[in-house]
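# Structure at a glance
Chain by chain, the residues:
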Amino acid sequence: MTAPPRSPGFSTTAEALRLREWQLGPGQPTLVMDQFSADDFNLVVDDRADVHVNSKDGRFYLGRFPSGRPGTEGEGWKIAVTGTAKVRGYQMSFDTETPADIVAAAVARVLETSQQV
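A few points on the structure. Per chain, the residues get numbers from 1 upward, laid out in the order the sequence is written. Thresholds applied to this predicted model are a pLDDT of at least 70 for local features of residues and 80 or more for the giving and counting of side-chain atom pairs; totals over whole chains, interfaces and linings are not thresholded and use all residues. Derived side-chain values reflect all non-hydrogen atoms in the structure, with water molecules and hydrogen atoms excluded from consideration.

In this section: the nonpolar core. The set of buried Ala, Val, Leu, Ile, Met, Phe, Trp, Tyr and Cys residues whose side-chain atoms join them within 4.5 Å is what this entry labels a nonpolar core. Exposure categories follow from relative accessible area, calculated using a 1.4 Å probe and restricted to protein chains: below 20% of the type maximum is buried, above 50% is exposed, and the middle band is partly exposed. Ranked by size, the top nonpolar core spans 18 residues in total, and within it V32, F36, F60 and L62 carry the most contacts. Every helix listed is a DSSP run of H or I at least four residues long, and every strand listed is a run of E at least two residues long, numbered separately from the N terminus. Only α2 (30-33), β2 (51-55), β3 (60-64), β4 (75-81) and α3 (100-113) provide two or more residues apiece to this core. No other element matches the 6 residues that α3 contributes to this core. Dropping the residues within four chain positions of it, L62 is found in contact with V32, M33, F36, V51, H52, V53, W77, K78, I79 and V107. Residues are treated as being in contact if the distance between any of their heavy atoms lies within 4.5 Å.

Structure (structure tokens):
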């Protein structure tokens, strides 16, 4: 007895693929910015209306570029954490159309992992 060969991929219907709505559009940037306190972070708004937030120790940076970060293709958000002598830092970027809720979740997680020394 032999089994019929399997076809690659998966089987679905058009109706099954339409079950979700996805959040689109930039949303409310205040969802991100409201996570920062003046006690721990500096905030600067430049002449292009870009917003820059950095930690008082200078190791965390968040940039919000509503019209796109100069020199990039539509980068709307930039998060960077500077490393140490023993461990490399990291950075992440989000498009200008990335929902602020998504960026806020990433920022919240980064802030949760920080500790005062």
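And the narrative resumes.
On to the packing of aromatic side chains, then. Stacked, edge-to-face and tilted labels apply to pairs of Phe, Tyr and Trp rings (six-membered ring for Trp) whose centres lie within 6.5 Å, assigned for plane angles under 30 degrees, over 60, and everything in between, in that order. Scanning the model with the defined rule gives 3 aromatic pairs in all. With a centroid separation of 4.9 Å and 75 degrees between ring planes, the pair formed by F36 and F41 is classed as edge-to-face. Residue F36 shares its accessibility class with F41, and that shared class is buried. Plain terms: the ring middles of F36 and F60 are 5.7 Å apart, the flat faces sit at 40 degrees to each other, and that makes the pair tilted. Of the two residues, F36 is situated in the loop between α2 and β1 (41-45) and F60 in strand β3; the sequence distance between them amounts to 24 residues. F60 sits in the buried class, given a relative accessible area of 7%. Grouped by ring-pair contacts, the aromatic residues F36, F41 and F60 constitute a single cluster.

So, on to the environment of A14. Relative to the assigned elements, A14 resides in helix α1 (residues 14-17). Spatially, the C-alpha atom of A14 lies 28 Å from that of P26, the residues being 12 residues apart in sequence.

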